[in-house]
Amino acid sequence: MNYQAFKRNSQKEYLGYCELKGFIYSVRIDSDKYAVVALKNGQVEVLITYRVKHEVSV
């Protein structure tokens, strides 16, 4: 993910700040896929990606 894609993404949530990595965000990539990214000096680093499984209770 580059800075422009990060900036355009309207579904991001600020999680906090890390002295080593910079500003930490959760970013929605797809309907069930997310990434935790670090933003420092205009550079975006993907730290982890994960999927959310939606279960239907009966």
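Residues numbered from 1 in each chain as written. Predicted model: local features only at pLDDT ≥ 70, side-chain atom pairs only at ≥ 80, totals over all residues. Heavy atoms only, no water.

Draft legend 1. Quick look at the pairing of strand β4 (residues 43-51). Taken together, the eight bridges between strand β3 (residues 33-40) and β4 define a ladder with antiparallel strand orientation. Residue Val 37 lies in a different strand from β4, and its bridge partner there is Val 46. Count of turn residues in the β3/β4 antiparallel hairpin: two residues, of which Asn 41 carries a positive phi of about 55°. (Pairing = 2+ DSSP bridges. Helix = DSSP H or I, 4+ residues; strand = E, 2+ residues; numbered from the N terminus.)

Draft legend 2. The arrangement of the nonpolar core in detail. With seven residues, the main nonpolar core is built from Phe 6, Tyr 25, Val 27, Ala 35, Val 37, Leu 39 and Val 44. Listing elements by their share of this core, those giving two or more residues are β2 (22-28) and β3. Those residues in contact with Ala 35 that sit more than four places away from it in its chain are Tyr 25, Ser 26, Val 27, Ile 29, Val 46, Ile 48, Thr 49 and Tyr 50. (Core = buried A, V, L, I, M, F, W, Y, C linked by side-chain atoms within 4.5 Å. Buried < 20%, exposed > 50% of the residue type's maximum accessible area, 1.4 Å probe, protein only. Contact = heavy atoms within 4.5 Å.)

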